Protein chains: 2
Amino acid sequence: MQYIDGGVCAPKGFQAAGVHCGIRSKNTDKKDLALIVSDELCTAAAVYTQNKVKGAPIAVTREHLKDGKAKAVICNSGNANTCAPNGVEIAKKTCDLAAEHIGIKAENIIVCSTGVIGEELIMEPFEKGMKPLVKALSYEGGTLAAEAIMTTDTVSKECAVEFELGGKTCRIGATAKGSGMINPNMATMLSFITTDAAISSSMLQQALSQDIKDSYNQISVDGDTSTNDTVAIMANGLCGNPEIKEDGEAFKQFCKALAMVTKVLAKKLAADGEGATKLIECQVTGAPDKETARSLSKSVISSDLLKSAMFGEDANWGRVLCAIGYAPADFSADDITVEMSSKKGSIKVCEHSALYPHSEEKAAEILSETEIKIDVNLNQGQEQAAAWGCDLTYDYVKINGDYRS
Amino acid sequence: MQYIDGGVCAPKGFQAAGVHCGIRSKNTDKKDLALIVSDELCTAAAVYTQNKVKGAPIAVTREHLKDGKAKAVICNSGNANTCAPNGVEIAKKTCDLAAEHIGIKAENIIVCSTGVIGEELIMEPFEKGMKPLVKALSYEGGTLAAEAIMTTDTVSKECAVEFELGGKTCRIGATAKGSGMINPNMATMLSFITTDAAISSSMLQQALSQDIKDSYNQISVDGDTSTNDTVAIMANGLCGNPEIKEDGEAFKQFCKALAMVTKVLAKKLAADGEGATKLIECQVTGAPDKETARSLSKSVISSDLLKSAMFGEDANWGRVLCAIGYAPADFSADDITVEMSSKKGSIKVCEHSALYPHSEEKAAEILSETEIKIDVNLNQGQEQAAAWGCDLTYDYVKINGDYRS
């Protein structure tokens, strides 16, 4: 099981493309329309935002995935098609248009949008862009699709792994976008995952639903759950393994490979959070149960106070304990150890839930790096989990408040 | 029922004082020790932080209030006595010392601390300061006490009301501190409330526990629940009303007067949030139940995205809907109206959960004021609630991250 180059086109039989079709009102030639198409009909699964205010494309994708099958993903950036007129109708028309040009059924298309909310998404750019988009499809087009789904992401994000399944070489590839803003909208997390493994749609859904608990659901840039978050996975079976239909060794291998991909992308999303200068990982160990470890690690990386302290390169362990203390979980806060580390070394700052004497200079040196790890040991069990976030910076406020000037 | 000047000394029979005794390690002559003493033994009640990591003084105060009686409050700023060596012992010693100098029982003292966490609170400054503090007690000392509990609050906060109870003129007075930081600690909200009404300690607890749901619990500066939050109330009965022992007209009047005081202080705390330039009030109406209205209004004023937009004076209603959508409550998000208003006027920006066409220039003019109101109507019930917060600014990041430079 190893990382390989590439993204959604790494597995066999997936083509992708990304073009500029003019969805953004501003003058820009940024790519804004992405397409991923499988040579064969796939089993498919997805998870969606828990926000009660949902983008219109989610309703359409949910309908199309009822049969657990899909063949393509169409995704635009620049407009979220959320709280906007005729949203569902436009999402459906987009699928119809893509289906016609690709030559597949509209109900086999996953549709997503990210960008401005509250503004009508008009069909004209799609009508203009769909033909060149389909024409541009290629087995090397993964990066173009990864670029086309970006909003204010500063880098495109891809990851792929290769592994064995039933004597066959399988691959899982993916792209993701996050935490970017365009006037006036909100951060949306999207991720599209492809694989040439053969796996039933119900097992695929089980794998994905379980996986996100320790990957995409464990990251936060600002705690604002978007209206459009979607993670979708398609499996076309072209690697030739016996189809995974139930739990067992093959399923475990598949889940392990999936986790390798999604964790890397989750970290990339956190590191590219709006205005971020540092990736912050919090690992909670010694927890009484897994859910407590998840909840506590996420509470730490979500705390504005801790995020500001990391920006200031201040080993403010009191804010770590504070964030742990108000997390919604059941545990004892009496014997907590906190260590902070980076490439520059490691330092213990708290023991038995109280100050552990340490050099502030050494701590500041460790925190001067761009990747910081905070280890929290609750000393009361065997479970552990991690979460990823970023520092809170002047630029976060600038990006989200000051864009008019 | 009317507002009057003053704070904790507005009701009959309460003296207060505030002095500098040197708890902060830095060179400063800021007052850091506050005392409030009632002429008569009071019924008393308190509510505390829900954080599992609690300041040591909370354990001592909780013990002292078991009998529902108190006569004094001693509170230092500059050190939170939290996650620090010998915390409970030092909080007890502080009570002993105060009791000795005032000439009362230590178990009738409410003790609180706010400031740095993780650093040992030493007794020496208390030993030096207690005598002058007690000597300085006066019926006009409320403001001195209000100043002594401040951390990085920019203004001291007091409020008082006068009202009739059983033919007698009663008063409730209070002070509060919030949302300030000192290296390295976290924001702590403290409020001390006094009254000359006669009311049993169980009814006092009931009044306070109910009140905070719509006052102090409905404010947020950064979502970080402190380790030391405490609201305490003492009633000495000197106004001569028949003691309130059960629910009824007198209790309702008392609760109404209490709400007048706590809501004003809650708003003052939000307006003085770290780095804040604007007070933001969110009023949710048309809710199916009270708890939903509370939850939704608080979610809006807690959203970093919305807070940043307010700083940028951008009528970003999409972020209001987003924050409502992810609040933990059960309601329909299909027919939401959003209006924004200030001294400069009012503007509808969202109707039926979608864009309501409006002038962005007019909206920006309205948001240029320092007090902004966001009205959200869910159009599905009769309940309502409000919450108060502030904008997220460069100075928040500066205060909490950049203090080393």
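Residues numbered from 1 in each chain as written. Chains lettered and ligands numbered in written order. Predicted model: local features only at pLDDT ≥ 70, side-chain atom pairs only at ≥ 80, totals over all residues. Heavy atoms only, no water.

Asks: Looking at this model, I keep getting lost on the relation of the copies chain B and chain A. Mind explaining?
Replies: Applying a rotation about an axis and a shift along it to one chain copy brings it onto the other copy. With an RMSD of 0.0 Å, chain B superimposes on chain A once it is rotated by 180 degrees and translated 0.0 Å along the axis. Viewed as a symmetry operation, the transformation between the two copies matches a two-fold axis. No C-alpha of chain B approaches the rotation axis more nearly than that of tyrosine 394 of chain B, which lies at 2.7 Å. (Least-squares fit on C-alpha atoms with pLDDT ≥ 70 in both.)

Asks: Please explain the interface of chain B and chain A as it appears in this structure.
Replies: Many authors give the size of an interface as the accessible area that is lost as the parts come together. Across the contact, 57 residues belong to chain B and 57 residues belong to chain A. Of the roughly 4,400 Å² buried between chain B and chain A on both sides combined, carbon and sulfur atoms contribute 58%. Summed over the shared surface of chain B and chain A, the result is zero salt bridges. Only helix 8 (304-311), helix 9 (317-325), strand 13 (354-355) and helix 11 (394-401) of chain B provide two or more residues apiece to the side of chain B that touches chain A. Taken together, the residues of the side of chain B that touches chain A sort by class into 26 nonpolar, 18 polar and 13 charged. (Contact = heavy atoms within 4.5 Å. Buried area = accessible area lost by both parts, 1.4 Å probe. Salt bridge = Lys/Arg side-chain N within 4 Å of Asp/Glu carboxyl O. Helix = DSSP H or I, 4+ residues; strand = E, 2+ residues; numbered from the N terminus. Nonpolar A, V, L, I, M, F, W, Y, C, P; charged D, E, K, R; others polar.)

Asks: Please explain the packing of aromatic side chains as it appears in this structure.
Replies: Aromatic ring pairs are described here by two measures, namely the spacing of the ring centres and the angle between the planes. Counted under the stated rule, the structure contains five aromatic pairs over all chains. In this structure an aromatic cluster arises from ring pairing among Phe311 and Tyr394 of chain A together with Phe311 and Tyr394 of chain B. Seen from the ring of tyrosine 356 of chain A, lysine 348 of chain A lies directly overhead, with NZ or CZ sitting 4.7 Å from the centre. (Phe/Tyr/Trp six-rings, centres within 6.5 Å; stacked < 30°, edge-to-face > 60°. Lys NZ or Arg CZ within 6 Å of the ring centre and 35° of its normal.)

Asks: Even after reading the chapter, I still don't get helix 3 (residues 124-135) of chain B, so can you show me in this structure?
Replies: Along an α-helix, residues three or four positions apart point the same way, because every turn accommodates 3.6 residues. Residues and elements named next belong to chain B. Within the sequence span of helix 3, burial applies to Pro125, Phe126, Gly129, Met130, Leu133 and Val134. Down the axis of helix 3, the smallest arc covering the buried residues is 125 degrees, so these residues share one side. Summarising the geometry of helix 3, the exposed residues directed more than 90 degrees from the buried face are Glu124, Lys128, Lys131 and Lys135. Next to the buried residues of helix 3 lie strand 2 (14-19), strand 3 (33-48), strand 4 (69-79) and helix 2 (87-102). (Buried < 20%, exposed > 50% of the residue type's maximum accessible area, 1.4 Å probe, protein only. Arc of directions from axis to C-beta.)

Asks: Just to check I follow, could you spell out the domain arrangement of chain A for this structure?
Replies: Residues and elements named next belong to chain A. You can read the domains of chain A as domain 1 (2-270) and domain 2 (279-401). Here the C-alpha centroids of domain 1 and domain 2 sit 32 Å apart. Across the contact, 14 residues belong to domain 1 and 18 residues belong to domain 2. Where domain 1 abuts domain 2, roughly 1,300 Å² becomes buried across the two surfaces, and 52% of that area is made up of carbon and sulfur atoms. Of all residues in domain 1, Gln218, Ser220 and Lys267 bury the most surface against domain 2, accounting for 42% of the area lost on that side. Across the contact surface, domain 1 and domain 2 share two salt bridges. The partner of lysine 267 in a salt bridge is glutamate 281, with the nearest N and O atoms 3.7 Å apart. At the boundary of domain 1 with domain 2, the tally comes to seven residue pairs in polar contact (both at pLDDT 80 or more). For the side of domain 1 that touches domain 2, the element with the highest residue contribution is helix 6 (residues 249-271), accounting for three residues. (Domains from an automatic or database assignment. Polar contact = N/O pair within 3.5 Å; in protein donor to acceptor, adjacent residues only side chain to side chain.)

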